[in-house]
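Per-entry structural report
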Amino acid sequence: MNAIGALGSARADVSAPAKMVVEGASKFYQARSGVVHALDNVSLEVREGEFLCILGPSGCGKSTLLWSMAGLHGLSGGRIRLGQEPIVKPHPEIAMIFQEANLLPWRNLEKNIELPFELKRIPPDKARIQALLERVGLKGFETKMPRELSGGMQQRASIVRSLAVNPSVLLMDEPFGALDAFTRDEMNLLIQEIWMETRKTIIFITHSIVEALFLADRIVVMSARPGRIQEIVEVDLPRPRGVEVQSTPEFIERVNAIKAMIDHRRA
Amino acid sequence: MDSQLRDQIPTFGAKQEAGGGAGLSGGFSALASGGGRSAFETLIIILVAVVIIGGTQILLGVFQVPQYIMPKPSQIGMALITEWPFIWPHLVVTICELLIGFSIGASIGFVLAAVITQFPFAEKIVTPYILLLVTTPMLALVPLLVLRFGFGWEPRIIAVALASGPMVMINSATGFRRVDLAKIALARSFGASTFQIFTKIRIPMAMPMIIVGLMVGLIFGLLTTVGAEMVGGAEGLGNRLNYYSSMIRMPQFFAVITLLAVIGISIYVFFFWVGKKWANWEA
């Protein structure tokens, strides 16, 4: 699957069925400077219950790819499926977590978390919301306004908001990019725990190699302009991974291998 | 060192409103300190008011300024009490005209802003005419409207609607134009319909500017109501201003002015309170 022996080794659940499939996705869009070729023939299979990271420099189309997988914008070519269902508009089984928490500043935390239920016109699952709030350590903050919460707390609230409607696929668009390093480690640990408990399929976008290696079962490395899949890297580090794993020689070796991969192709 | 320096840098209180509109929103901060006002500050504020009103009273007495040039505050106060039975029916007329005209103008302005901002091209076509309405004094139309509708309420209500509507419209439009694509995408990702995006994202997002627009619109409406009553009306506070000044009854004249000031300030305070309640997230 890739050229670097140290990285690649088969995982136990390679045979898991494909949850989401991207087939030959291409995307052009009109920008002020002309036509941008954002995605070029990207094909990808995301396994059921997998933690997949999409890694790449800014402008490599990784967000475009994720937004298309969320059904938020269309493709110029190719298609995306969830199981057998084509994704052309937002799907109830797929929830998205955005850069910066994207809470509505005029709603308190509880009302923010109940937004998806309101939009779907179903009564909020109070018990589930309470359990999730407790899980992420936000119990007792229900009546706080977003501006009263720290960046990490806001992002935790947005995770609760997405998990509250119990989707099977979670798309995360550089969710922790704006957080400081300590909070980021904390959030990475939290999302790993949540993933291990719920076994949701998570597709996580980042431009941090360390973050990708820390979280992922597989890393999709993308190159820029047009966005292409350059390499898919299996990560066989045992779980649960602690923050200290990041300073082990094996981890650093993998970071360097991926770094070389990106640098080499961009040069 | 750093924090010391920061203390020296003058600030304008709360954050300035992005995108401006009619720019009255910055004024909200003048009242925003209300919650945390100390007893000392309150004392100073009352003291200054007493000095200004009392000083005027004394100075007018010392220099023996005739009543028909500038009545003393005490005379204005007395006139307000003694003339009240004759003034209040006119007050009711003015307020009714204002509220009816404003309701019509504001509704049209709001709906127009909400619709037009969805179509950038249509907005470009309509905006010059709205600016024309904003910058042209609607009072100028009153004599024309009187020719068509007579001296009844209609010309004044039309003038008020024409004065307040565009104010509401341009400010609301500024609010509606502040689209946050991430928040709209968020709503869409949870399956929101276009209507839900409008009610749950766009309107709350525009709310601070809508409130500013309503306030500016209502204050402009008040000015226009009174002006229209002075130009062509047989009743209302504007008519009373004409009447008392022609009779050289200055204490009564200033009593009416005082009432108008109270209405204007009440409008401001009311919308400040509404803003605190419904748009406090932006302060």
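Note: the structure precedes this text.
Cut-offs applied
- Counting from 1, residues in each chain are numbered in the order their sequence is written.
- Chain letters and ligand numbers both follow the written order, the letters beginning at A and the numbers at 1.
- Reporting of local features is limited, given that this is a predicted model, to residues whose pLDDT is at least 70; pairs of side-chain atoms are given and counted only at 80 or more, and all residues count toward the totals for whole chains, interfaces and linings.
- In computing side-chain properties, one takes all heavy atoms of the structure into account and sets aside hydrogens as well as water.
- To qualify as a helix, a DSSP run of H or I must reach at least 4 residues; to qualify as a strand, a run of E must reach at least 2; elements of each kind are numbered from the N terminus.
- Whether two residues are in contact is decided by their heavy atoms, any of which lying within 4.5 Å being enough.
- Think of it in three bands: with a 1.4 Å probe and only protein chains considered, a residue is buried below 20% of the maximum accessible area for its type, exposed above 50%, and partly exposed in between.
- Simply put, the buried area is the total loss of 1.4 Å probe accessible area from both parts when two parts are fitted together.
- Salt bridges, as used here, are contacts in which a Lys or Arg side-chain nitrogen is within 4 Å of a carboxyl oxygen on Asp or Glu.
- Pairing of N or O atoms within 3.5 Å defines a polar contact, subject to two protein rules: one partner must be a possible hydrogen donor and the other a possible acceptor, and residues neighboring in sequence count only if both atoms are side-chain atoms.
- Gly is put with the polar residues, along with every residue not named as nonpolar or charged; the nonpolar set is Ala, Val, Leu, Ile, Met, Phe, Trp, Tyr, Cys and Pro, and the charged set is Asp, Glu, Lys and Arg.
- Note on definitions: angles span 0 to 180 degrees between N-to-C directions of axes, and those axes are lines fitted to C-alpha atoms, for helices only across the stretch in contact.
- If an angle is under 35 degrees, it is roughly parallel; if it is over 145, roughly antiparallel; if it lies from 65 to 115, roughly perpendicular; otherwise it is oblique.
- By definition, any crossing whose near helix is turned counterclockwise from its far helix by less than a right angle is left-handed, and any crossing with a clockwise turn is right-handed.
- Note: two strands are recorded as paired if DSSP finds a minimum of 2 bridges between them.

Turning our eyes to something else, we now look at the side chain of B:Q252. Within the fold, B:Q252 resides in helix α11 (residues 250-278). Apart from the residues within four sequence positions on either side, B:Q252 is in contact with B:A79, B:E83 and B:Y244.

This part takes up unusual backbone geometry. Of all residues except glycine, most have a negative phi; of all peptide bonds, most are trans. Between A:R239 and the following residue, A:P240, the backbone shows a cis peptide bond with an omega angle of -5 degrees. The topology assignment puts A:P240 in the loop between β10 (228-234) and α7 (249-266). Backbone geometry places A:N102, a non-glycine residue, at a positive phi of 60 degrees. With respect to the helices, strands and loops of the structure, A:N102 is situated in the loop between β6 (94-97) and α2 (109-120). Classification of A:N102 by relative accessible area gives buried; the value is 7%. Despite not being glycine, B:I248 has its phi angle at roughly 55 degrees, a positive value. Position of B:I248 relative to the elements: it lies in the loop between α10 (237-246) and α11. For B:I248, a relative accessible area of 52% puts it in the exposed group.

A few words now on the interface of chain B and chain A. The parts lose accessible area when they come together, and the size of an interface is often stated as this lost area. The partner chain A presents 24 residues to the 17 residues of chain B that form the contact. Surface buried jointly by chain B and chain A totals about 1900 Å² across both partners, of which 66% is contributed by carbon and sulfur atoms. Our count for the contact surface shared by chain B and chain A stands at one salt bridge. For the interface between chain B and chain A, the tally reads four residue pairs in polar contact (both at pLDDT 80 or more). Contributions of two or more residues to the side of chain B that touches chain A are made by α8 (181-189) and α9 (194-232) of chain B. With seven residues, α8(B) is the largest single contributor of residues to the side of chain B that touches chain A. Class assignment for the residues of the side of chain B that touches chain A results in ten nonpolar, four polar and three charged.

Turning our attention to the packing of helix α5 (residues 120-135) of chain B against helix α7 (residues 154-177) of chain B. Residues and elements named next belong to chain B. Where α5 meets α7, the axes come as close as 9 Å, and the angle between the chain directions of the two elements is 140 degrees. Looking at the two axes, α5 sits oblique to α7. Pair α5 / α7 crosses with left-handed handedness. The residues of α7 that touch α5, namely those facing E123, I130, L133 and V134, are L162, P166, M167, M169, I170 and R177. Classifying every residue of the contact of α5 with α7 gives eight nonpolar, no polar and two charged.

So, about the pairing of β10(A). Residues and elements named next belong to chain A. Within β10, five of the seven residues are buried, which leaves the element mostly enclosed by the surrounding structure. Where strand β9 (residues 218-223) meets β10, six bridges bridge the pair, whose relative direction is antiparallel. Opposite M222, over in β10, you have I229 as the bridge partner.

That is the geometry; function is a separate question.
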